[in-house]
Amino acid sequence: MCGIVGITSNKQVTSRIINSLKKLEYRGYDSAGIATLEEGIIKEVKCEGRVDILEKNISKININGEIGIGHVRWATHGKPSTLNAHPHSSEVVSVVHNGIIENSTILKKLLEKKGHQFKSQTDTEVIAHLVTDYLKKNNLKNTIVKVLKKLHGSFALGIIFKDQPDLIVGARRGSPLAVGYGPNENYLGSDSYALKSMTNKVSYLNDGEFCLIKKDNIDFFDTKGNKINKKILNLSKNDQSYDKGDYKHFMSKEIEEQPTTIKNCVNEYVDKVNQKINIYNFPWKINEIKSLVLVGCGTAYHSCMIAKYWFEKNSLLEVNVDIASEFRYRKLKFKKDCLYVFVSQSGETADTYAALDICKKNKMKICSIVNVVESSIARDSDFVLPIHCGPEIGVASTKAFLGQMLVLYMLCLKISFDQKIINKKVYVQKIKNLLLLSKLIKKTLLIDNKIQIISKTFANSRGSMFLGRGYSFPIALEGALKLKELAYMHAEGYPAGEMKHGPLALIEEGMPVVVIAPRDELYKKTVSNMQEVISRGAKVLLITNKSKDEIFSENIWETITVENVSNDLLPFLTTIPLQKLAYYSALEKGYDIDKPRNLAKSVTVE
Ligand code: F6R
């Protein structure tokens, strides 16, 4: 993952690099570093831990260059430590890197034979020495062309040179990289968000391209070193609030924001007057699409899994769902009449992007569902459906998950109506249900006292299981994922009907088990499975919705009842208690909720 930033200016750059690094911490936060060039000397400050620590360390040192690079790290090669933190320097260059150099071990051995000495365990240090080696016999541009050719794997790079007082080299293969234009200064960043406080004029590097950034000029080159032109794009000026407000954590703020984000998103797509869903400029005719492939990672993948149930029930489309990291290495049979849909909050997830890229190379129809509309995935799609939920800062995805489900559901309704699977009356009723969703989410959120008490049991247990059937199965997976990532607990999501085929052996006296059993067509089946785990000693937390009917099951430990809603929309409500369960379990354990260990918000390595 990692985030990189670079500034070349006629003013000091340190504090602005630090500010940009703070914005990039969503990409990694296990170590941080900065290097600036002052009178021909590269000065570096690095630390293990967050940018705040780097900032404190810097305040004790003079590091005042007018050109510099900075980095936040998510460790791949070499544990998080000051030594392994970037930048990595040789006697002549300093490098920041996002990605993985797959042939670094071979390159390192070759360079060691030539006398290069390495200090860190990282793959990145190899780049610094490789550049140094090529510079001995080549000019700077040819050096970059040759070095990039030698490197296998993915990277976004920022490089400064001891004898180039005004030059930053940026290069990209796989990992995203943006370049920004300012007055008498120019910038490099992992994304435009990191540069937004300095400029709204940016260009993006495409795969294989590199650039030479000086304070008054930027030149772009293709893989072979031929000069190319780049479009300058204007970013929207509104730098939305990234403030926690009165909330203790971004995650709790983002959970509570869901009624608003859902309302905003519904308003973007629903035409209330004509009672229809508007998807403007959809580039394909409905009969051109016979099947769908939905691709994502983690939580985004779970939203795809739920959508499969909706599309299968409400459309004629054949639907397949794939985890992006698997999709990209499978032998796929591409179909011209298939729409490939890539779901990603950040729009920068390396596996999802790579999967998209394969489809693009095979000239397939590509649609993406993203939160960040300036992202690589959005830019490279034929068509983009934004989820309109505003910045999501907490590492655990919450409001974006609901946003992804919502957009997938609205796409499904539109296709369903256009394919004449549902008539106007049903279509209008389903739209009316959607318009009520925000209020029902708001009511469902009022469960804190109860869930806080329940969370204590989870936090003190060795592990737990989450069970559901139908679209409650992906919700079970999502609930388990949230508990794993925030409370660092083993939690297993399972289809309720599958327990007897093995996992039932895990159930022991007092083990907390969450059963998601809303009053849908599978309710009774799930309740039977619930009984099976209760009989084996499980402490069941049942998540269901309000109903006049009694719950025909005994010995349920706790029940959380969400609001009543049409069956299709139940996943939006049953998710809420699970988000809160993970939040309060992590709070109980005193863990870092917004930045859980070992993770990052945007996963830009494969
Ligand atoms: C879990 C979580 C991750 C992301 C996954 C994909 O809470 O946030 O599983 O969903 O890394 O990220 P995006 O949606 O940015 O592609």
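The shown structure was predicted, so the numbers you read here are calculated from the model rather than taken from an experiment.

The element strand β26 (residues 539-545) is largely enclosed, with a buried count of 6 among its 7 residues. Of the strand pairs in this sheet, strand β25 (residues 512-516) and β26 are connected by 5 bridges, and their pairing is parallel. Across the sheet, I516 pairs through a bridge with I543, a residue of β26. Relative to strand β27 (residues 558-562), β26 runs parallel, the two sharing 5 bridges.

One can describe the packing of helix α12 (residues 399-418) onto helix α17 (residues 570-589) by two numbers: an axis separation of 11 Å at closest approach and a directional angle of 170°. Classified by the angle between their axes, α12 and α17 sit roughly antiparallel to one another. In this structure, α12 contributes F401, L402, M405 and L406 to the contact, and α17 contributes P571, F572, T575, I576 and Q579. Residue composition of the contact of α12 with α17, by class: 7 nonpolar, 2 polar and no charged.

Around the ligand, the structure places 16 residues, and the nearest of them are S344, Q345, S346, T349 and E485. Separating an oxygen atom of the ligand from a backbone N or O atom of Q345 is a distance of 2.6 Å. Between an oxygen atom of the ligand and a side-chain N or O atom of T349, the distance comes to 2.4 Å. When isolated, the ligand has an accessible area of 410 Å², and the protein chains bury 90% of it. Taken together, the residues that form the shell around the ligand break down as 6 nonpolar, 8 polar and 2 charged. Counting only domains with at least three residues in the shell around the ligand, you end up with domain 2 (250-444) and domain 3 (448-589).

Thresholds, definitions, all that
Within each chain, residues carry numbers counting from 1 in the order of the written sequence. Under the rules for a predicted model, residues below a pLDDT of 70 receive no local features and side-chain atom pairs below 80 are neither given nor counted, while totals for whole chains, interfaces and linings still include all residues. The basis for every side-chain value is the complete set of heavy atoms in the structure, and neither hydrogens nor water enter the calculation. For the exposure calls, accessible area comes from a 1.4 Å probe over protein chains only, and a residue counts as buried if that area is under 20% of its type's maximum, exposed if over 50%, partly exposed in between. Each helix is a run of DSSP H or I of at least 4 residues and each strand a run of E of at least 2, with the numbering of both proceeding from the N terminus. Pairing between strands is defined by DSSP: at least two bridges between them are needed. Here, axes are lines fitted to C-alpha atoms. For helices the fit covers the stretch in contact, and angles between N-to-C directions go from 0 to 180 degrees. Roughly parallel means an angle under 35 degrees; roughly antiparallel means over 145; roughly perpendicular covers 65 to 115; every other angle is labelled oblique. Residue contacts follow a heavy-atom distance rule, with two residues in contact if any of their heavy atoms lie within 4.5 Å. In this count, Pro and Cys sit with the nonpolar residues alongside Ala, Val, Leu, Ile, Met, Phe, Trp and Tyr, while Asp, Glu, Lys and Arg are called charged and the others, Gly among them, polar. We call a residue near a molecule or strand whenever a single non-hydrogen atom of that residue lies within 4 Å of it. Nitrogen and oxygen atoms within 3.5 Å of one another constitute a polar contact, given that in protein one can donate a hydrogen and the other can accept it, and given that sequence-neighbouring residues count only through two side-chain atoms. Surface exposure here means Shrake-Rupley accessible area, sampled with a 1.4 Å probe, where a residue is shielded only by the protein chains that are shown. How far each domain reaches was decided by an automatic or database domain assignment.

By themselves these figures say nothing about function.
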